[in-house]
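Below are the chains, spelled out letter by letter.
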Amino acid sequence: MKYVSMFDKIDLHLIRVLHTVLTERSVSRAALRLGMYQPAVSAALKRLRELAGDPLLVRSGASMVPTVAGLRMIEPAADILRNAEMLFSDARAFDPATAHHTFSLAASDYLDPLFLPQLVTQLKTLSPHCSIEIHPLSADADYRNHLAQGHYDVVIGNWPKPPDDLHLGRLFGDEVVSLVSTQHPAARRGWDVEAWLAAEHIAPTPTHPGARGVIDDHLAAKGLVRNITARCPHFGLIPAMVAGTLLVLTTGRQYAERFTGVLPVKVLSCPVPFPRMMYYQLWHERTHASNAGRWLREQIKSVAASLRRPEADAAAA
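Notes on the structure follow. Just so it is clear, the model here is predicted, and its values are computed rather than measured.

A word on the overall build of the protein. A tally of regular secondary structure across the protein gives 14 helices and 12 strands. For the protein, contacts bridging at least 24 residues in sequence account for 75% of all contacts bridging at least 6. With an accessible surface of roughly 16,700 Å², the protein has 57% of that area assigned to carbon and sulfur atoms.

Rendered as structure tokens:
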């Protein structure tokens, strides 16, 4: 009877408040995210504290932190919310115009810089009531676990050999090129392999000590090493750094060419042959049959197709 009495006092909205307050670690931020007034969230938190017999969220200096009991509740609360959403949303056809759904995806910042802005625009246009959460996708991110746990619906990036334990959809292939300032000597006279290797290169900051990206992995396999003199964790800022220096960025042509009209930079062919960079979207079996997940993947595919260059299409065919 005690269990039944406790169960009757808990509703799904209260679980949503619990999860949001504990993950945001702030009543005011939770209220904004939930679209509620702050006093209403405070009242819900008071009820939760009474039910738990624990303060759940306590002050630590200038911030708030979950208690041990609160931390233990985060994942179970997330599971309840995910299961409740799937219970009904996938039992009927997904209607993007009326659905209230949260799409969560992780994407590499090596993508075409127009890709995510255009994807968000398309999603919000076609499904205005849906929420979108975009997460960074680094080389060491445990994206398999995030997909399996339902934290991500889709991951988007480039892999030389994509994992075979996930569903895969090819988005586009891209030629590897170098981006340099229009004032770089190679922009006028070109370069050979030796000159390209000796030039000052800029590369993403390694995700962990000793880590190498796909460019340097390929060079190492050929017994080659380029002269990296600058690193940056923010890939989107690198083209502007190239524009004012003699640094060389080596990446996909589609990414590089987005900057030639807005910065004094030029795209050059690499004297070292590289395989094409292939971009995919990956998803887990748990969302494979989801109507909402299928719709999201269709939007990702259509945006990728709209951004692809005609010559890239021909090369990938």
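Back to the text.
Another aspect to go through is unusual backbone geometry. Note on backbone geometry: most residues besides glycine have negative phi, and most peptide bonds are trans. Non-glycine residue arginine 25 carries a positive phi angle of around 55°. If you trace the backbone, arginine 25 turns up in the loop between helix H2 (12–24) and helix H3 (27–34). A relative accessible area of 37% places arginine 25 in the partly exposed class.

Take the packing of aromatic side chains next. The full count for this structure, using the stated rule, is nine aromatic pairs. Ring centres of phenylalanine 94 and tryptophan 295 lie 5.5 Å apart, and the angle between their planes is 50°; this geometry places the pair in the tilted category. One end of the pair, phenylalanine 94, is in the loop between helix H5 (68–89) and strand S3 (102–107); the other, tryptophan 295, is in helix H13 (residues 291–307), with 201 residues separating them in the sequence. Phenylalanine 94 gets classed as buried once you look at its relative accessible area, which sits at 15%. According to the relative accessible area criterion, tryptophan 295 is buried, its value standing at 11%. Ring centres of tyrosine 255 and phenylalanine 259 lie 5.2 Å apart, and the angle between their planes is 50°; this geometry places the pair in the tilted category. Accessibility classification places tyrosine 255 together with phenylalanine 259 in one group, the buried group. In this structure an aromatic cluster arises from ring pairing among Tyr110, Phe235, Tyr255 and Phe259.

All right, on to the pattern of salt bridges then. Where charged atoms of side chains with opposite charge meet at close range, the side chains can pair. A full pass over the atoms with the stated rule returns eight salt bridges. A salt bridge links arginine 29 to glutamate 24, with the nearest nitrogen and oxygen atoms 3.5 Å apart. The class of arginine 29 is partly exposed, set by a relative accessible area of 44%. Taken together, the shared-partner salt bridges connect Glu24, Arg29, Arg33 and Glu133 into one network.

A few words on the packing of helix H6 (residues 115–126) against H13. To describe two helices that pack against each other, one gives the angle between their axes and the distance between the axes. Interaxial distance between H6 and H13 falls to 10 Å at its minimum, and their mutual angle equals 130°. Of the possible angle classes, the one that applies to H6 and H13 is oblique. Crossing of H6 over H13 shows right-handed handedness. On the side of H6, the interface is formed by Phe115, Gln118, Leu119, Gln122, Leu123 and Leu126, while H13 contributes Trp295, Leu296, Gln299, Ile300, Ser302, Val303, Ala304, Ser306 and Leu307. When its residues are assigned to classes, the contact of H6 with H13 shows 10 nonpolar, five polar and no charged.

Here the focus is the environment of serine 127. Along the chain, serine 127 falls in the loop between H6 and strand S4 (131–136). Between the C-alpha atom of serine 127 and that of histidine 101, which follows or precedes it by 26 residues, the distance is 8.9 Å. Only 2.8 Å separates the side chain of serine 127 from the backbone oxygen of proline 96, close enough to count as a polar contact.

All right, on to the environment of glutamate 175 then. Considering the arrangement of structural elements, one finds glutamate 175 in the loop between strand S6 (167–174) and strand S7 (176–181). Note on glutamate 175: relative accessible area 30%, which makes it partly exposed. With 99 residues separating them in the primary sequence, glutamate 175 and phenylalanine 274 have C-alpha atoms 7.9 Å apart.

Here we take up the pairing of S4. Pairing geometry for S3 and S4, over six bridges, is parallel. Looking at S4, one finds that leucine 105 is bridged to isoleucine 134. Handedness of the crossover is the feature at issue here: the chain leaves S3, passes through H6, returns alongside S4, and the resulting connection is right-handed.

What follows is about the sheet that holds strand S5 (residues 154–158). Strand order in the open sheet formed by five strands is S4-S3-S5-S12-S6, and the pairing between neighbours is mixed. Both edges of this open sheet fall to S4 and S6, since each of them pairs with a single strand only. The sheet shows a mean angle of 20° between the axes of neighbouring strands, direction not considered. Two strands pair when backbone bridges link them, and S5 and strand S12 (residues 277–283) are joined in this way by four bridges, in the antiparallel orientation. The residue bridging valine 155 from the neighbouring strand is leucine 282, located in S12.

Parameters at a glance
- For every chain, the first residue of the written sequence is number 1, and numbering continues from 1 along that sequence.
- The model is predicted, so local features are restricted to residues of pLDDT at least 70 and side-chain atom pairs to those at 80 or more, both for listing and for counting; the totals for chains, interfaces and linings are taken over all residues.
- In computing side-chain properties, one takes all heavy atoms of the structure into account and sets aside hydrogens as well as water.
- Numbering of helices and strands starts at the N terminus; helices are DSSP runs of H or I of at least 4 residues and strands are runs of E of at least 2.
- Between two residues, a contact is recorded if the distance between any of their heavy atoms is within 4.5 Å.
- Note on areas: Shrake-Rupley, 1.4 Å probe, and residue coverage restricted to the protein chains presented here.
- Exposed residues in this analysis have more than 50% of their type's maximum accessible area, buried residues have under 20%, and partly exposed residues fall in between, with area computed by a 1.4 Å probe over protein chains only.
- Aromatic rings from Phe, Tyr and Trp, taking only the six-membered ring of Trp, are treated as a pair when their centres fall within 6.5 Å; an angle between ring planes under 30 degrees marks them as stacked, one over 60 as edge-to-face, and anything in between as tilted.
- Should a side-chain nitrogen of Lys or Arg be within 4 Å of a carboxyl oxygen of Asp or Glu, the pair is scored as a salt bridge.
- For helices, the axis comes from a line fit to the C-alpha atoms of the stretch in contact; other axes are also lines fit to C-alpha atoms, and the angle between any two N-to-C directions lies between 0 and 180 degrees.
- An angle counts as roughly parallel when it lies under 35 degrees, as roughly antiparallel when it exceeds 145, as roughly perpendicular when it falls between 65 and 115, and as oblique in every other case.
- In this scheme the handedness of a crossing depends on how the near helix is turned from the far one: anticlockwise by less than a right angle means left-handed, clockwise means right-handed.
- Throughout, the ten residues Ala, Val, Leu, Ile, Met, Phe, Trp, Tyr, Cys and Pro are labelled nonpolar, Asp, Glu, Lys and Arg are labelled charged, and all others, Gly among them, are labelled polar.
- As used in this structure description, the phrase polar contact means that two N or O atoms lie within 3.5 Å; if the pair is within protein, one of them must be able to donate a hydrogen and the other to accept it, and residues adjacent in sequence are counted only when both atoms belong to side chains.
- By definition, two strands form a pair when at least two bridges between them are found by DSSP.
- Seen with its strands pointing away from the viewer, a crossover is right-handed if its path from the first strand over the helix to the second goes clockwise.

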